[in-house]
Amino acid sequence: DSLDSEAGENERTKARIIVDSFETDPAEIYAGQDFTLKVRMKNASNSIVASNILFTFESETVSDSPVFTTVNGSNSVVVNSLAPGASDTLTIKFSSSPTAEQRSYTITINEQYDSPEFKNAEESVTVDIPVKQEARLSTGTIDVMPESINVGGETNVMFGINNTGKVQLYNVTAKFEADSIQTEETYVGNIKP
């Protein structure tokens, strides 16, 4: 009440709403998988209340497509009030893009809320969500030369190994085992996607 009606934005006080913590269920998210994001939002102010709070979740985009989309279609959550120092947990279900590369992606939480001296304050905070890709490979046609061997003899086995996933395969080895042969293991190396 002591503020002049002409007071500017920097002269008015407003609440500070931060991400206190967050978790995902499941803890490890693979591309193409649905997951639940639980974000604990806290009013970090020690004396200013926040009310009529609208939280809008916005996903990072890659090639104009969002990496995360909401499963139920709504990306907004409303909280009536957060007292100074109070927290509230927001829960929203997302689906991750199956074509997302293996790395962390940002979800921006846009906030719009009222404080006693400041109406329609706008802030934004972010959380980083790591996305993993399944490692996949396939083998080509197996060539054995010569095709038949005598007891105690040797043969060469050749085939291609193809990385059909989106992540690099490290330290690939090929192991040959059977009751009728001596076990052999060969180091192949790293295979790019």
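All of these numbers come straight from a predicted model, not from anything done at the bench.

*Asks:* Could you give an account of the nonpolar core, with specific residues and numbers?
*Replies:* Leu-37, Phe-55, Phe-57 and Phe-68 are the most contacted members of the largest nonpolar core, which totals 31 residues. Residue assignment for this core shows that the elements contributing at least two residues are β3 (34-43), β4 (50-59), β8 (76-82), β9 (87-96), β10 (103-115) and β11 (118-132). Take this core: its biggest share by element is 6 residues, from β11. If sequence neighbours within four positions are ignored, Phe-55 has contacts with Ile-17, Met-41, Asn-75, Ser-76, Val-77, Val-79, Leu-90, Ile-109, Asn-110 and Glu-111.

*Asks:* Please give an account of the sheet that holds β8 that cites residues and values.
*Replies:* If you walk across this open sheet you meet the 5 strands as β2-β11-β10-β4-β8, and the pairing is mixed. Edge positions in the sheet fall to β2 (29-30) and β8, since each has one partner strand and no second. For β2 and β11, the ladder comprises 2 bridges, and the chain directions are parallel. Within β11, the position partnered with Tyr-30 by the bridge is Lys-132.

*Asks:* Can you explain the environment of Met-145? Please cite residues and give values.
*Replies:* Along the chain, Met-145 falls in strand β13 (residues 143-145). Separated by 66 residues in sequence, Met-145 and Val-79 place their C-alpha atoms 71 Å apart. If we skip the residues at most four places from it in the chain, Met-145 touches Thr-155, Asn-156 and Met-158.

*Asks:* If you had to explain the packing of aromatic side chains to someone new, which residues and values would you point to?
*Replies:* Inspection of the entire model under this criterion finds 6 aromatic pairs. Ring geometry for Phe-35 versus Phe-94: centroids 5.7 Å apart, planes at 25°, classification stacked. Of the two residues, Phe-35 sits in strand β3 while Phe-94 sits in strand β9, which places them 59 residues apart along the sequence. Judged by its relative accessible area of 0%, Phe-35 falls in the buried class. Taking relative accessible area as the criterion, Phe-94 reaches 3% and is therefore assigned buried. The interplanar angle of 70° and the centroid separation of 6.1 Å between the aromatic rings of Phe-159 and Phe-176 together place this pair among those described as edge-to-face. Linking Phe-159 in the loop between β14 (156-158) and β15 (161-163) with Phe-176 in strand β16 (residues 169-176), this pair joins segments that are 17 residues apart in sequence. For Phe-176, a relative accessible area of 24% gives the class partly exposed.

Conventions used here
Residues numbered from 1 in each chain as written. Predicted model: local features only at pLDDT ≥ 70, side-chain atom pairs only at ≥ 80, totals over all residues. Heavy atoms only, no water. Core = buried A, V, L, I, M, F, W, Y, C linked by side-chain atoms within 4.5 Å. Buried < 20%, exposed > 50% of the residue type's maximum accessible area, 1.4 Å probe, protein only. Helix = DSSP H or I, 4+ residues; strand = E, 2+ residues; numbered from the N terminus. Contact = heavy atoms within 4.5 Å. Pairing = 2+ DSSP bridges. Phe/Tyr/Trp six-rings, centres within 6.5 Å; stacked < 30°, edge-to-face > 60°.

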